[in-house]
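What follows is the residue order along each chain.
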Amino acid sequence: MSTSAPPSRGSGVELEIGGMTCASCAMRIEKKLNKLEGVVATVNYATEKAKITVPDGYDPAVLIAEVEKTGYSAVLPAPKGRKNDTGSSDGADDEDPELRSLRHRLIGAIVLTVPVIAMAMIPALQFTYWQWASLALAAPVIIWAAWPFHKAAWTNLTHGAATMDTLISMGTSAAFLWSLYALFFGTAGTPGMTHPFEFALAPSDGAANIYLEVGAGVTMFILAGRYFEKRSKKQAGAALRALLELGAKEVAVLRGGVETKIPVEDLQVGDEFIVRPGEKIATDGVVVSGTSAVDASMLTGEAVPVEVAEGDAVTGATTNVGGRLVIRATRVGSDTQLAQMAQLVEDAQTGKAEVQRLADRISGVFVPIVIVIAFVTLGGWLGAGFPVTAAFTAAVAVLVIACPCALGLATPTALLVGTGRGAQMGVLIKGPEVLESTRKVDTVVLDKTGTVTTGKMTLVEVFVEDGTERAELLRLAGALEDASEHPIAQAIAKGATQEVGPLPTPEDFANIEGKGVQGIVDGHAVLVGRDSLLAEWSQQLSPELASTKARAEGEGKTVVAVGWDGQARGILVVADTVKPSSAEAIAQFRAIGLTPILLTGDNEAVARQIAAEVGITEVIAEVLPKDKVDVVTRLQREGKVVAMIGDGVNDAPALAQADLGLAMGTGADVAIEASDITLVRGDLRSAVDAIRLSRKTLGTIKTNLFWAFAYNVAAIPVAALGMLNPMLAGAAMALSSVFVVGNSLRLRGFRSIAK
């Protein structure tokens, strides 16, 4: 095979990347891959994937080898087919080797480090050979548990970069190596040696000092932060699995007139298959025979069922809620609308620019400065004529005190408290990258159905002809509709029950396909459905009621006519209603500086009415499900930082594309998985709380990072002067950690503005 002459068109390759510890790792891999001829690569740290465009026929092994040269691992992803769902590969996230390794290292570090810190900080625990016991306990932590940091630091070094891993590796290694020197060649190994707490600072040659608790403690704390971050980040691919889970697993196909159950993967274009009431439609197709109502809410987010008959197109993963259908498959596998939506979600996630972690940004400057100070300290002491041991003690002390124990706690503790408080309020924040996204958001795009509105059909208005009682209309119509499984019929039956109580049982119930229902209720021959059904029985609505019906339908509402005993009696209006809290939420969005935009597939008139009801002035209506992501992208190109709030499967690509995606917990699983924040209560006001809490948590993290470094920076001059008592180093480490934890705990006092 030759790749020297790229063909005119390229193909896509996806790789799963392992070993990345920060966004700068992703940047290095991306730069390396893009140097290959004909290769265009994008590497995403959050999803741990690389999307690569290569010339046709390009060997993926070349790409994998290039990634491995950079110091990371790469593999081709497992197939996304349904067959994979029953195998082990889809459960890979639960058994991710990197996550499992981190968990094992963290558990080992906790067990071994706690006694080391206790002995170093509490003189009463320093028995005769305590320092040797500390060495036996700390060595596995600093060498084995901290191995990911050492490996990453070496990788960074080979590429001329410095990150937090560099500082952790240097600090823990310096503490360990100097402790070994002090124990074997100095006086620290003398039986009965203690580390008394002394406030007085005095220069020494350091041969009596060990820093094992610093090296082990830093490793333990930062491993904990890294583990919890990694665990939350592994959720990035769950949206795609949730999308695939929406589809049917088996299908009843007709071949040679015989009905046969087969796996949905074996379905072919042109096959005819049967869908009974309550079953999911296996794939995109055209109705060959039968009429029914199809509930597409899980896919489109729209509450109103779609009536279908012979010749109508249907979409896979939607649910048949009416009669028996025979459908001819027109698209299967990766060509279906469901599969294309899955691809849109993946593309949006991969394309989203990830913000580098604050710690790495600061470390990029802080680490080189600390290294320079350490070398300057060493040279200064040697130049001043001090012994080599004293010079090395001061230089090592600089590295030890600069090793950021509190830095490892800065993000995870604030995130832990912030997300815990959010969970109490019904707000689930998925990870630290999410917080950065909330800082500059200036536009909030809201899906209509299920977000601003309830997403469920409700009986909203009842109009009766003269001489007809409202209660009687509801009782007779409700009784007949209660015998139907149609979502609109169920909304009417529920509304009638709430107003007039238990409903009678109808007799001779019959469903008139595409028109409505009829039956006998309490001796009355009742018709409920389209006005055309009543017209067939010479029952006409009065001009006033016909006008009211036309007005309601113009507002996007569904109108059902009711008649009995040879006369039209009234109409029932069913609609998706606005949530009670939506208007207040919109006002609160404006109060925190966000511009709300309503985005919906409904017609302009319906969208405008809903927007006016809740106080939204900007409306984007009649948008196809697949085009929602394009709307978000256009707003971003205009310079807006976009938050998207939705609940349907059709919202998932837009949620992933947005700078901040918020999903209603009452909506589709895939929307929840594709989002950054989940709003458990389904109350739009909780979206305001989510953004406020996220911004507050981000502010806390920044404060933590500042003070974590401030403690270290303040102690560096003391260390450089050779006046760093080991107990003082331990105390400074503990004090900075206590401050970080205490500052984070303040987030527990965050209050919701929604009462």
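Since we're looking at a predicted model, the values are computed, not measured.

Trainee: Quick one: what's the story with the confidence of the model for the chain, residue by residue and with numbers?
Mentor: Mean pLDDT over the chain: 80, with 82% of residues reaching 70 or higher. Strand 22 (residues 595-599) holds the highest mean pLDDT among the elements of the chain, 94, whereas helix 8 (residues 238-246) holds the lowest, 56. Contacts for the low-pLDDT stretch residues 80-94, under 50 throughout, to residues beyond four places or in other chains number 23 contacts. Overall, residues 351-356 carries pLDDT values under 50, and its contacts beyond four positions in sequence, including any with other chains, amount to 16 contacts.

Trainee: Quick rundown of the pattern of salt bridges? Include the residues and the values.
Mentor: All told, the structure shown has 19 salt bridges when counted by the stated rule. Among the salt bridges present, the one from R331 reaches D284, with a minimum N-O distance of 2.9 Å. One end of the pair, R331, is in strand 13 (residues 325-331); the other, D284, is in strand 8 (residues 284-289), and 47 residues separate them in sequence. R331 sits in the partly exposed class, given a relative accessible area of 33%. In this structure, the salt-bridge partner of E604 is R608, at a minimum N-O distance of 2.9 Å. Of the two residues, E604 and R608 both sit in helix 21 (residues 604-614), four residues apart, roughly one turn of that helix. One salt-bridge network, held together by shared partners, links D447, K628 and D651.

Trainee: Lay out the UniProt feature "transmembrane region" (unreviewed entry) in the chain with the relevant residues and their values.
Mentor: Mapped onto the present numbering, the UniProt feature "transmembrane region" (unreviewed entry) falls at residues 106-123, 129-147, 167-188, 208-228, 362-384, 390-417, 704-721 and 727-745. End C-alpha atoms of residues 704-721 are separated by 27 Å, and the span's content is 94% helix alongside 0% strand.

Trainee: Can you explain helix 17 (residues 487-500)? Please cite residues and give values.
Mentor: Over its 14 residues, helix 17 runs 20 Å from end to end, which matches the ideal 20 Å to within 8%, given 1.5 Å per residue. Considered for burial, the residues of helix 17 that qualify are I488, A489, A491, I492, A493, G495 and A496. Tucked inside the fold, the buried residues of helix 17 contact strand 16 (453-464), helix 16 (470-482), strand 20 (558-564) and strand 21 (567-578). At the exit of helix 17 stands G501, carrying a positive phi of roughly 90°.

Trainee: An account of the sheet that holds strand 14 (residues 427-429) is needed here, citing residue identities and associated values.
Mentor: Paired through their backbone hydrogen bonds, the strands of a sheet run either parallel or antiparallel. Spatially, 14-26-25-24-15-22-23 is the arrangement adopted by the seven strands of the open sheet, whose pairing is mixed. Strands at the two margins of the open sheet, each flanked by one partner only, are strand 14 and strand 23 (618-620). The sheet shows a mean angle of 20° between the axes of neighbouring strands, taken without regard to direction. Of the strand pairs in this sheet, strand 25 (residues 660-664) and strand 26 (residues 677-679) are connected by three bridges, and their pairing is parallel. Bridged to L662 within strand 26 is I677. Across the sheet, helix 25 (residues 685-720) lies against strand 14, strand 24 (642-646), strand 25 and strand 26, angled at about 145° from strand 26, the strand it touches most.

Trainee: Run through the nonpolar core, naming residues and quoting values.
Mentor: Counting residues in each nonpolar core, the largest one holds 53 residues, and the members touching the most others are I210 and V370. When residues of this core are traced back to their parent elements, those giving at least two are helix 3 (97-121), helix 4 (130-145), helix 6 (164-184), helix 7 (212-233), helix 11 (358-383), helix 12 (388-402) and helix 25. Ranked by size, the runner-up nonpolar core spans 44 residues in total, among them I429, M664, I677 and L684.

Trainee: Explain unusual backbone geometry residue by residue, including any values.
Mentor: Positive phi values are uncommon outside glycine, yet D508 reaches one of about 50°. Residue placement: D508 occurs in strand 17 (residues 507-512).

Trainee: Requested: an account of the packing of helix 20 (residues 582-591) against helix 25, with residues and values cited.
Mentor: Where helix 20 meets helix 25, the closest approach of the two axes is 8 Å, and the angle between their N-to-C directions is 25°. Viewed along their axes, helix 20 and helix 25 adopt a mutual orientation that is roughly parallel. Between helix 20, through E584, A585, Q588 and F589, and helix 25, the contact on the second element is made entirely by R685, A687, V688 and I691. Of the residues belonging to the contact of helix 20 with helix 25, the class tally is five nonpolar, one polar and two charged.

Trainee: Please give an account of helix 20 that cites residues and values.
Mentor: Among all positions in helix 20, only S582, A585, I586, Q588 and F589 are buried. Seen from one end, helix 20 has its buried residues packed into an arc of 165°, which puts them on one side.

Trainee: A description of the sheet that holds strand 9 (residues 292-295) should follow, citing residues and the corresponding values.
Mentor: Strand order in the open sheet formed by three strands is 10-9-12, with antiparallel pairing between adjacent strands. Strand pairing shows two members of the sheet lacking a second neighbour, strand 10 (306-308) and strand 12 (319-320), which therefore form its edges. Where strand 9 meets strand 12, two bridges bridge the pair, whose relative direction is antiparallel. The residue of strand 12 that forms the bridge with V294 is N320.

Trainee: Could you give me a rundown of the environment of L76, with the residues and numbers involved?
Mentor: Looking at the secondary structure, you find L76 in the loop between strand 4 (73-75) and helix 3. Along the chain, L76 and V13 lie 63 residues apart, while their C-alpha atoms are 8.2 Å from each other. Beyond its immediate chain neighbours, meaning those up to four positions away, L76 contacts V13, E14, L15, P60 and I64.

Trainee: Describe a nonpolar patch on the surface, naming the residues involved and giving the relevant values.
Mentor: A surface patch of nonpolar side chains, about 260 Å² in accessible area, is lined by L382, V388 and F392. You can see L382 is positioned in helix 11.

Trainee: Before we move on, could you go through the packing of aromatic side chains and cite the residues and values that matter?
Mentor: Two descriptors summarise a pair of aromatic rings, namely the distance from one centre to the other and the angle between the planes of the rings. Evaluated as defined, the whole model comprises six aromatic pairs. Ring centres of W178 and Y181 lie 4.7 Å apart, and the angle between their planes is 35°; on these two criteria the pair is classed as tilted. Within this pair, W178 and its partner Y181 are both found in helix 6, separated by three residues, close to a single helical turn. Of the residues examined, W178 reaches a relative accessible area of 7% and is grouped as buried. Site record: aromatic cluster; members linked through ring pairs are W178, Y181 and F185.

Trainee: Describe the pairing of strand 24, with residues and values.
Mentor: Counted residue by residue, strand 24 has five buried out of five residues, so it is predominantly covered. Alternating residues of strand 24 divide into V642, M644 and G646 and A643 and I645, and every residue in both groups is buried. Pairing between strand 15 (residues 443-447) and strand 24: four bridges, direction parallel. Note that in strand 24 the partner of T443 across the bridge is V642. As paired strands, strand 24 and strand 25 are joined by four bridges and run parallel to one another. Bridged to I645 within strand 25 is L662.

Trainee: Describe the packing of helix 5 (residues 147-158) against helix 6, and please don't skip the residues or the numbers.
Mentor: Put simply, helix 5 and helix 6 touch, their axes get as near as 8 Å, and they point 120° apart. Considering their axes alone, helix 5 and helix 6 lie oblique with respect to each other. Handedness of the crossing formed by helix 5 with helix 6: left-handed. Note on element contacts: helix 6 touches helix 5 through D165, T166, I168, S169, T172 and S173, opposite F149, H150, A152, A153 and N156. Split into classes, the residues belonging to the contact of helix 5 with helix 6 amount to four nonpolar, six polar and one charged.

Trainee: Please give an account of the environment of A145 that cites residues and values.
Mentor: Assignment of secondary structure puts A145 in helix 4. Excluding anything up to four places from it in sequence, A145 contacts R105, A109, P140, T219 and L223.

What counts, and at which threshold
Residues numbered from 1 in each chain as written. Predicted model: local features only at pLDDT ≥ 70, side-chain atom pairs only at ≥ 80, totals over all residues. Heavy atoms only, no water. pLDDT = per-residue confidence, 0-100. Helix = DSSP H or I, 4+ residues; strand = E, 2+ residues; numbered from the N terminus. Contact = heavy atoms within 4.5 Å. Salt bridge = Lys/Arg side-chain N within 4 Å of Asp/Glu carboxyl O. Buried < 20%, exposed > 50% of the residue type's maximum accessible area, 1.4 Å probe, protein only. UniProt positions renumbered as here; feature names shortened; annotations may be inferred. Expected span 1.5 Å × (residues − 1). Pairing = 2+ DSSP bridges. Axes fitted to C-alpha atoms, helices over the stretch in contact; angles between N-to-C directions. Core = buried A, V, L, I, M, F, W, Y, C linked by side-chain atoms within 4.5 Å. Parallel < 35°, antiparallel > 145°, perpendicular 65-115°, else oblique. Nonpolar A, V, L, I, M, F, W, Y, C, P; charged D, E, K, R; others polar. Arc of directions from axis to C-beta. Patch = residues over 30% accessible without salt bridge, like charges linked within 9 Å, V, L, I, M, F, W, Y side chains within 5 Å. Areas by Shrake-Rupley, 256 points an atom, 1.4 Å probe, with all protein chains shown as cover. Phe/Tyr/Trp six-rings, centres within 6.5 Å; stacked < 30°, edge-to-face > 60°. Left-handed = near helix turned anticlockwise from the far one by under 90°.

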